[in-house]
Amino acid sequence: MKDSSESGAVRHIDAFEFVRLGRSLEGSVPLARFIRLLDGLPDQDASAMVRWSAQADRGPLGEPLIRLAVETGLTVQCQRCLGPLAVPIESEVALQLVETEAELDDPDTFDESDLEELDSGRDFEKVLGSRRFDLFEQVEDELILSVPYVPRHDVCPESGDGPSGDVSEKKPSPFAVLAGLKGLAGDVGK
């Protein structure tokens, strides 16, 4: 069964019932609604949307899963030139629903399905399932994890250190200055 949420109105679900019934949801939400994601980022396109989908699934041993996919475009700051950089975000994650916080926090919680998933190159992200499971919180978490840690242009739009990109304004290399000083020191000793 597939539901659609064009305005993103379906925010909370009964997570275990969602999986039991094999449901799916999809929708789009304005990027501006994700306050934690936007904290510290440059101003974003006011019309930017986040498209998301959630699909019920089961793991190899019947573990309840929600496969979550998110897609949007963000503007971040290039760490080379400090200018704006458009970054497309497309990510998918398999969320394994657990019933208690102890299952999340217990480092000894490791079962055969975890081993099978690790061996197959896939891993589930454990999350606390509930009757009022916040899908948007999971969407926002996945978006936050998808933002590049050190975003950079492949080639920055402006070359040089000056605001106009004029190479003549470029500062000399500190190593060139040091070499010049070393040469002067050698001349002084003669």
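None of these values were measured; they are calculated from a predicted model.

### Quick notes on the packing of aromatic side chains
Thought 1: All told, the structure shown has 2 aromatic pairs when counted by the stated rule.
Thought 2: With a centroid separation of 6.0 Å and 70° between ring planes, the pair formed by Trp52 and Phe136 is classed as edge-to-face. Separated by 84 residues along the polypeptide, Trp52 in strand β4 (residues 49-58) and Phe136 in helix α5 (residues 135-146) bring together distant segments of the chain. Side by side, Trp52 and Phe136 carry an identical accessibility label, which is buried.
Thought 3: Taken together through their ring pairs, the aromatic side chains of Phe34, Trp52 and Phe136 make up a single cluster.

### Examining the state of the cysteines
Thought 1: Throughout the structure, instances matching the rule amount to 0 disulfides.
Thought 2: Here Cys81 stays free of any disulfide, with the sulfur of Cys78 as its closest cysteine sulfur at 3.8 Å.
Thought 3: Cysteine Cys156 is unpaired, with the sulfur of Cys78 as its nearest cysteine sulfur at 3.7 Å.

### A word on the confidence of the model for the protein chain
Thought 1: Of all residues in the protein chain, 72% attain a pLDDT of 70 or more, and the chain-wide mean is 81.
Thought 2: Throughout residues 117-121 the model reports pLDDT below 50, and contacts reaching past four residues in sequence, or to other chains, amount to 6 contacts.
Thought 3: Contacts from residues 160-168, a stretch scored under 50 in pLDDT, to residues over four places away or in other chains number 8 contacts.

### As for the nonpolar core
Thought 1: In this structure, Phe34, Trp52, Ile66, Phe133, Leu135, Val139 and Leu143 are the most contacted members of the largest nonpolar core, which totals 33 residues.
Thought 2: Listed by contribution, the elements that provide at least two residues to this core are α1 (15-20), β3 (24-30), β4, β5 (64-77), β6 (84-98) and α5.
Thought 3: The element that contributes the greatest number of residues to this core is β6, accounting for 6 residues.
Thought 4: Ignoring any residue separated from it by four or fewer positions in sequence, one finds Ile66 in contact with Ile13, Ala15, Phe18, Val19, Ala54, Gln55, Val93, Ala94, Leu95, Leu97 and Phe133.

### So, the side chain of Gln138
Thought 1: Along the chain, Gln138 falls in helix α5.
Thought 2: The class for Gln138 is buried, based on a relative accessible area of 11%.
Thought 3: Each residue touching Gln138, except ones within four places of it in the same chain, is listed here: Leu68, Leu95, Val127 and Phe133.

### Some points on the side chain of Asp134
Thought 1: Topologically, Asp134 is positioned in strand β8 (residues 133-134).
Thought 2: On the basis of relative accessible area, Asp134 is assigned to the buried category, the value being 14%.
Thought 3: One polar contact links the side chain of Asp134 to the main-chain amide nitrogen of Glu137, over a distance of 3.1 Å.
Thought 4: Apart from residues lying up to four places away in sequence, Asp134 is in contact with Arg11 and His12.

### Describing the pattern of salt bridges
Thought 1: Counted according to the given criterion, the structure contains 7 salt bridges.
Thought 2: Across the pair Arg67 and Asp57 runs a salt bridge whose closest N-O atoms are separated by 2.6 Å. Linking Arg67 in strand β5 with Asp57 in strand β4, this pair joins segments that are 10 residues apart in sequence.
Thought 3: For Arg67, a relative accessible area of 29% corresponds to the partly exposed category.
Thought 4: Accessibility expressed as a relative area gives 28% for Asp57, which makes it partly exposed.
Thought 5: Connected via shared salt-bridge partners are Arg36, Glu140 and Asp141.

Reading guide: rules and limits
- Residues numbered from 1 in each chain as written.
- Predicted model: local features only at pLDDT ≥ 70, side-chain atom pairs only at ≥ 80, totals over all residues.
- Heavy atoms only, no water.
- Phe/Tyr/Trp six-rings, centres within 6.5 Å; stacked < 30°, edge-to-face > 60°.
- Helix = DSSP H or I, 4+ residues; strand = E, 2+ residues; numbered from the N terminus.
- Buried < 20%, exposed > 50% of the residue type's maximum accessible area, 1.4 Å probe, protein only.
- Disulfide = S-S within 2.5 Å.
- pLDDT = per-residue confidence, 0-100.
- Contact = heavy atoms within 4.5 Å.
- Core = buried A, V, L, I, M, F, W, Y, C linked by side-chain atoms within 4.5 Å.
- Polar contact = N/O pair within 3.5 Å; in protein donor to acceptor, adjacent residues only side chain to side chain.
- Salt bridge = Lys/Arg side-chain N within 4 Å of Asp/Glu carboxyl O.

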